[in-house]
Amino acid sequence: MALWIQAQQLQGDALHQMQSLYGQHFPIEVRHYLAQWLEAQLWDAIDLENQQDEFKAKRLLDGLIQELQRKAEHQMGEDGFLLKIKLGHYATQLKSSYDPCPLELVRCVKHILYTEQRLVKEASNASSPGSGPVDGTPQRYQQINQTFEELRVMTQDTENDLRKLQHSQEYFIIQYQESLRIQAQLSSLASIPPAERVQRESGLQSRKSTLEAWLTREANTLQKYRQELAEKHQRTLALLRKQQTVIVDDELIQWKRRQQLAGNGGPSEGGLDILQAWCEKLADMIWQNRQQIRRVEHLTQQLPIPGPTEELLTDLNATVTDIISALVTSTFIIEKQPPQVLKTQTKFSATVRLLVGGKLNVHMNPPQVKATIISEQQAKALLKNENTRNDSSGEILNNNCVMEYHQTTGTLSAHFRTMSLKRIKRSDRRGAESVTEEKFTVLFESQFSVGGNELVFHVKTLSLPVVVIVHGSQDNNATATVLWDNAFSETGRVPFVVPDKVLWPQLCEALNMKYKSEVQSDRGLSEDNLVFLAQKAFSSSSNNTEDYCNMTITWSQFNRESLPGRNFTFWQWFDGVIELMKKHLKSHWNDGAILGFLNKQQAQDMLMSKPNGTFLLRFSDSEIGGITIAWVAENPNKAGERMVWNLMPFTTKDFSIRSLADRISDLNHLLFLYPSQPKEEVFSRYCTPPNCMFSSPNPEPSPGNSFMEHAASPTVNQHNNFTIYPSMNDSMLDTEGEFDLDETMDMARQVEEFLRQPMETQWSGQQS
């Protein structure tokens, strides 16, 4: 009832607009006394174009009548008596009006509620100019639905005018034939006696003059009717084109952009159902107006009357054909994109859909869709309508599919399930461009006719850019090309132009989106993480976020030039982190156990202020997809001195043998996860139970007892804990100063021997 309360507070023109919604078709008293009931019903759940929903509409009508009758029965007193009669009358009136066509009641009430909502929101926004709409999306939808209602009214109006014109023209033709009959009678008077001829001729001439004067006036009236009808059609087509622009050039383009960002890990692009419903309404109304214009053309051919109408009709016909052609060609879309990193000799799938297929009855003669792979240059030529001579840049197996109509969903689509790229033909590459920077696209095309072959459409649509690889080792660099393209391409671009450099915050957004998606985590990259990445990308030492806000990063810096002193690029390093995290360390990242994005100096500064045995996990600077453990402890070679130690990085290969939690469990000198959390609290639930220590390198968290829960932590000053450490000038330290655990002790062997000992010996030996 909240909407009706707000509607009653409208003022001025808005109040007049609201009041004009009501009349005999739906009395305002019904709106007032049944406000709560009316606003509680699911009017939007009924599709006005679907006759199968007529039963739902009938139930709503019956419910409305019952509510009115119930409200009438509860009226008491003198005033209540009059209201009881009035409400009962309205119940009878509405039943009589809408029983034959209950969907019209739904249409009427939806129009009233939509308009009230619009007027209330406009009044609310006007009263607070500094604030925007509370929820923009529903308001956009309401505006689209409101425009559809206006178009329906306009189309119905021109239909009524067309019928009047047809009736007037039929009567005109009858009278014109009458004038011809009189003329024939006048011509036949020569054969009768003069006296009789004069008398009859006088009467016929009088009738002829009167009729010809009427025909002249009526011809002008008919011409005026045609002119007015043509002008109404012009206004309707203008609004149709505007509505189509909103739906196809705004809403559908936004959906495609969301689909593209989803390729980088963005949120789902959302369903196409509402877009299809809008497109089908557009197609229906465009087709109705096209048929009306065709009927007017037929009337003008039946009765040619000199004037500007013929030229107007020619323009209208061209306009409506152009509108429906644009709608059909732009709603042939790729619902499910092929993979953007496409490996040869590997099966892949894709789905294309025609959003107006069901409404235009295309499925009555199901069209076939063909898929071909073309190069960037061929795609440019295609969009310029240049003759590409059916060229392709490769051979796709199983590349033909018939579009199927799915009755339950009302969708017309073709699902390519087992396509495979057999071979690819590459073009000459420019400069430093590698094969993983070369972009292709899958072209889907089809041909079909509508309206009994009145119109034939050749439709085409291009997939998002794809990078073709022949070996898994190319996947990393191909993914970089795809990520850059998805993140920074612009709407309406020439295929497949992307900027060579972008602002650092733009890249941060893309990296964060990709990271969260791949690691399947709500914990994204923090501001500190992004500063670390900026330092790596720009070889900078600044810790200030603002220093990087206006800096740009080029494609070469991203994934063409190696990082200083390394043999890999910024992206290759970052992608290695992603691969490591998503395969082995997701749970630890989500727990906050991995700081990750720290350099060696930062780790040392953080740990030196903490007790001995404090450790942290950071990503290796020197190795792709590596993570190292840094911890603070006494220097065994110099009494009273503390230092930070770094293990050689663990990689995916290492964690395939033994999990991170188990490795940390093995190292008794690791006591507290930075800043001060006992390691048992963090890692014990991920440890492998002793009886299956080597059966699973990546166990799920175990709620019960674990190895770490039983083991007593040694004190950090126990000398035997650090006898494995070499001195700082020992040959076992690599050039980065990282400690190679594998070359100083066989951890797996020692743990295995340890586990073979009786449990009492293990614990007593450690506690002593």
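Residues numbered from 1 in each chain as written. Predicted model: local features only at pLDDT ≥ 70, side-chain atom pairs only at ≥ 80, totals over all residues. Heavy atoms only, no water.

- Named according to an unreviewed UniProt entry, the protein chain is Signal transducer and activator of transcription originating from Sinocyclocheilus anshuiensis.
- We quote the UniProt Sequence similarities (unreviewed entry) comment for the protein chain here in full: "Belongs to the transcription factor STAT family." (UniProt positions renumbered as here; feature names shortened; annotations may be inferred.)

1. A word on the overall build of the protein chain
- Looking only at helices and strands, one finds 25 helices and 18 strands in the protein chain.
- Relative to its full complement of 768 residues, the protein chain shows a buried share of 47%.
- Within the protein chain, counting contacts between residues at least 6 apart in sequence, those at least 24 apart form 68% of the total.
- Carbon together with sulfur atoms contributes 49% to the accessible area of the protein chain, which is approximately 38200 Å² in total. (Helix = DSSP H or I, 4+ residues; strand = E, 2+ residues; numbered from the N terminus. Buried < 20%, exposed > 50% of the residue type's maximum accessible area, 1.4 Å probe, protein only. Contact = heavy atoms within 4.5 Å. Areas by Shrake-Rupley, 256 points an atom, 1.4 Å probe, with all protein chains shown as cover.)

2. Digging into the sheet that holds strand S6 (residues 400–402)
- Spatially, four strands are ordered S6-S4-S9-S10 in an open sheet, and the strand pairing comes out antiparallel. Each edge of the open sheet is held by one strand with a lone partner, namely S6 and strand S10 (455–462). Across the sheet, the mean angle from the axis of one strand to that of its neighbour is 25°, orientation sign disregarded.
- Taken together, the seven bridges between strand S4 (residues 368–375) and strand S9 (residues 440–450) define a ladder with antiparallel strand orientation. Residue pairing for S9: Ile373 is matched across the bridge by Val442.
- Across the sheet, helix H12 (residues 376–383) is in contact with S4, S9 and S10; its angle to S4 comes to roughly 125°. (Pairing = 2+ DSSP bridges. Axes fitted to C-alpha atoms, helices over the stretch in contact; angles between N-to-C directions.)

3. Digging into helix H11 (residues 309–330)
- In this model H11 runs 31 Å from its N-terminal to its C-terminal C-alpha over 22 residues, within 8% of the 32 Å that 1.5 Å per residue would give.
- For H11, the set of buried residues is Thr309, Leu312, Leu313, Leu316, Asn317, Val320, Ile323, Ile324, Leu327 and Val328. Summarising the axial view, the buried residues of H11 lie within an arc of 140°, below the 170-degree limit, and thus occupy one face. Turned more than 90 degrees away from the buried face of H11 sit Glu311 and Thr314, all of them exposed. (Expected span 1.5 Å × (residues − 1). Arc of directions from axis to C-beta.)

4. Quick word on the packing of helix H10 (residues 273–302) against H11
- Contact geometry for H10 and H11: axes closest at 10 Å, N-to-C directions at 160°. Here H10 lies roughly antiparallel to H11, going by the angle between them. By crossing handedness, the relation of H10 to H11 is classed as left-handed. Contact residues: Cys279, Leu282, Ala283, Ile286, Trp287, Arg290, Ile293, Arg294, Val296, Glu297 and Thr300 in H10; Leu313, Leu316, Asn317, Val320, Thr321, Ile323, Ile324 and Leu327 in H11. (Parallel < 35°, antiparallel > 145°, perpendicular 65-115°, else oblique. Left-handed = near helix turned anticlockwise from the far one by under 90°.)

5. Focus on the sheet that holds strand S17 (residues 672–673)
- Read across the sheet, five strands follow the order S16-S15-S14-S17-S18 without closing on themselves; strand pairing throughout is mixed. On the outer flanks of this sheet lie strand S16 (642–646) and strand S18 (677–678), each paired with one strand and no other.
- Across two bridges, strand S14 (residues 614–619) lies against S17 in parallel orientation. Considered in S17, the bridge of Thr614 is made with Phe672.
- Each of S14, strand S15 (627–634) and S16 touches helix H18 (residues 600–607); the most contacted strand, S14, lies at about 165° to it.

6. With respect to the packing of aromatic side chains
- Throughout the structure, instances matching the rule amount to 28 aromatic pairs.
- For the pair Phe448 and Phe457, a centre-to-centre distance of 6.0 Å together with 45° between the ring planes defines the contact as tilted. For the pair shown, Phe448 and Phe457 are each scored as buried.
- Ring centres 6.4 Å apart and planes at 80° place the aromatic pair Trp573 and Phe619 in the edge-to-face group. One end of the pair, Trp573, is in helix H17 (residues 570–591); the other, Phe619, is in strand S14, with 46 residues separating them in the sequence.
- Across the ring face of Trp589, the terminal group of Arg523 is positioned such that the distance to the ring centre comes to 3.6 Å.
- Over the face of the ring belonging to Trp573 we find Lys536, whose NZ or CZ atom lies 4.5 Å from the ring centre. (Phe/Tyr/Trp six-rings, centres within 6.5 Å; stacked < 30°, edge-to-face > 60°. Lys NZ or Arg CZ within 6 Å of the ring centre and 35° of its normal.)

7. A few points about the pairing of S16
- Here S16 lies mainly inside the structure; four of its five residues are buried.
- Examined bridge by bridge, S15 and S16 share five bridges and lie antiparallel to one another. Across the sheet, residue Ala630 finds its bridge partner in S16, namely Asn646.

8. Observations regarding the pattern of salt bridges
- Within this structure, the stated rule accounts for 36 salt bridges.
- With a shortest N-O distance of 2.4 Å, Arg560 and Glu437 are connected by a salt bridge. Taken together, the residues span a long stretch of sequence, with Arg560 in the loop between helix H16 (555–559) and H17 and Glu437 in the loop between strand S8 (411–424) and S9 at a distance of 123 residues.
- Of the residues examined, Arg560 reaches a relative accessible area of 35% and is grouped as partly exposed.
- Overall, Glu437 belongs to the buried group, its relative accessible area being 12%.
- Lys582 is the partner of Glu518 in a salt bridge, and the nearest nitrogen-oxygen pair spans 2.8 Å. Residue Glu518 is found in helix H14 (residues 504–519), and its partner Lys582 is found in helix H17; the two are separated by 64 residues along the sequence.
- On the accessibility criterion, Glu518 (24% relative accessible area) is partly exposed.
- Residue classification places Lys582 among the partly exposed residues on the basis of a relative accessible area of 26%. (Salt bridge = Lys/Arg side-chain N within 4 Å of Asp/Glu carboxyl O.)

9. Points about H12
- Among the eight residues that make up H12, six are buried, leaving the element largely enclosed by the rest of the structure.
- Residues of H12 that are buried include every one of Glu376, Gln378, Ala379, Lys380, Ala381 and Leu382, and no others.
- In this structure, the buried residues of H12 make contact with S4, S9 and S10.
- Directly after H12, the chain includes Asn385, whose backbone phi takes a positive value near 60°.

10. Topic: the environment of Tyr90
- In this structure, Tyr90 sits in helix H6 (residues 77–98).
- Take Tyr90: its relative accessible area is 12%, and that puts it in the buried class.
- Sequence separation of Tyr90 and Phe26 is 64 residues, and the distance between their C-alpha atoms is 8.6 Å.
- Those residues within four positions of Tyr90 in sequence are excluded, and the remaining contacts are Pro27, Glu29, Val30 and Leu68.

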